[in-house]
Amino acid sequence: MSQVEPVIAIENINHYYGKGNLRKQVLFDINLNIDAGEIVIMTGPSGSGKTTLLSLIGCLRSVQEGSMRLLGQELNGASEQKLIQMRRQIGYIFQAHNLLGFLTARQNVQMSIELKDGVSKKEAEAKSAAMLEAVGLKERINYYPDNLSGGQKQRIAIARALVNHPKLVLADEPTAALDKKSGRDVVEIMQRLAKEQGSTILLVTHDNRILDIADRIVDMEDGYLTRNAELTSTSS
Ligand SMILES: Nc1ncnc2c1ncn2[C@@H]1O[C@H](COP(=O)(O)OP(=O)(O)OP(=O)(O)O)[C@@H](O)[C@H]1O
């Protein structure tokens, strides 16, 4: 039998912004494979290309040069419709968590389930409540985001991203707005749920305090991948 295909397989990716004289290359010959269930942290200075790479992997931007296979599907040349379909298989957690203020915690989570076909409202309600319980917000299910702390809001965003059991979770600076303890709590919840669900996580961060949750750390610098190192586990 052939080897299991990585969740993300990136080969010789280049990316450019702008046109004509203003055209500027921001990603240079990126090669990276990420396997199922891996937690990978991407670090690097501001402007090094992390968000650009994350948005290509997240099907939020079209691949220009090179090959990017996501869950076995080639994204180079993929139609907009195909990209939309791929996005449904990804959980997104961003710094500005994008919760809807006029919906409660549960309704925010439920929304991402109701986008799927074949799930009854009752089922969606129960799933959302269970997911909020899993991130430690059992007592806050009916709260509106404005009445919750930054860490609690980010936990809703995690519940929303993971409720459909996506194979891939992309997180861009998920702890940036949080104090040390809340930041730590948030990534530990992500780590636990992803391991339980067998999800792959790719997380961009400047936060050195959370690097130890990763199986592997990759560094970007000036558009190049400069380090791709596995962490040796200290646990038995
Ligand atoms: N929409 C855009 N149009 C033109 N240039 C862009 C655009 N988005 C990003 N850039 C440029 O591309 C380069 C990479 O930016 P990118 O946002 O990917 O870096 P980053 O590593 O995520 O930075 P940060 O840590 O500050 O978010 C930078 O030089 C940036 O100025």
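- An unreviewed UniProt entry lists the chain under the name ABC transporter, with Aliterella atlantica CENA595 as the source organism.

**Observations regarding the packing of helix 3 (residues 105–114) against helix 5 (residues 150–162)**
Two packed helices can be described by the angle between their axes and the distance between those axes.
Now for step 1: Where helix 3 contacts helix 5, the axes come no closer than 8 Å and their chain directions differ by 25°. On the basis of the axis angle, helix 3 is roughly parallel to helix 5. At the point where helix 3 passes helix 5, the crossing takes the right-handed sense. Where helix 3 abuts helix 5, its residues Ala-105, Asn-108, Val-109 and Ser-112 lie against Ile-156, Ala-159 and Arg-160.

**Looking at the sheet that holds strand 3 (residues 39–43)**
Now for step 1: With mixed pairing, the six strands of this open sheet are ordered in space as 6-7-8-3-9-10. For this open sheet the edge positions go to strand 6 (90–94) and strand 10 (224–230), each flanked by a neighbour on one side alone. The mean inter-strand angle of the sheet, taken between neighbouring strand axes irrespective of direction, is 15°.
Now for step 2: For strand 6 and strand 7 (residues 168–172), the ladder comprises five bridges, and the chain directions are parallel. Across the sheet, the residue bridging to Tyr-92 is Leu-170, located in strand 7.
Now for step 3: The strands that helix 5 touches are strand 6 and strand 7; relative to strand 6, the one it contacts most, it runs at about 170°.

About the criteria used
Counting starts from 1 at the beginning of each chain's written sequence and moves along it residue by residue. The predicted nature of this model means local features are confined to residues of pLDDT at least 70 and side-chain atom pairs, given and counted, to a pLDDT of 80 or more, with totals for whole chains, interfaces and linings taken over all residues. Helix axes use the C-alpha atoms of the stretch in contact, all axes being lines fitted to C-alpha atoms, and the angles between their N-to-C directions lie in the range 0 to 180 degrees. By the criteria applied, helices consist of DSSP H or I runs no shorter than four residues and strands consist of E runs no shorter than two, each listed in order from the N terminus. Oblique is the label for every angle not falling under 35 degrees (roughly parallel), over 145 degrees (roughly antiparallel), or within 65 to 115 degrees (roughly perpendicular). Whether a crossing is left-handed or right-handed is set by the direction in which the near helix is turned from the far one by less than a right angle, anticlockwise for left-handed and clockwise for right-handed. Contact between two residues is assigned whenever their backbone-derived C-beta positions fall within 7 Å. Two strands are counted as paired when DSSP detects at least two bridges linking them.

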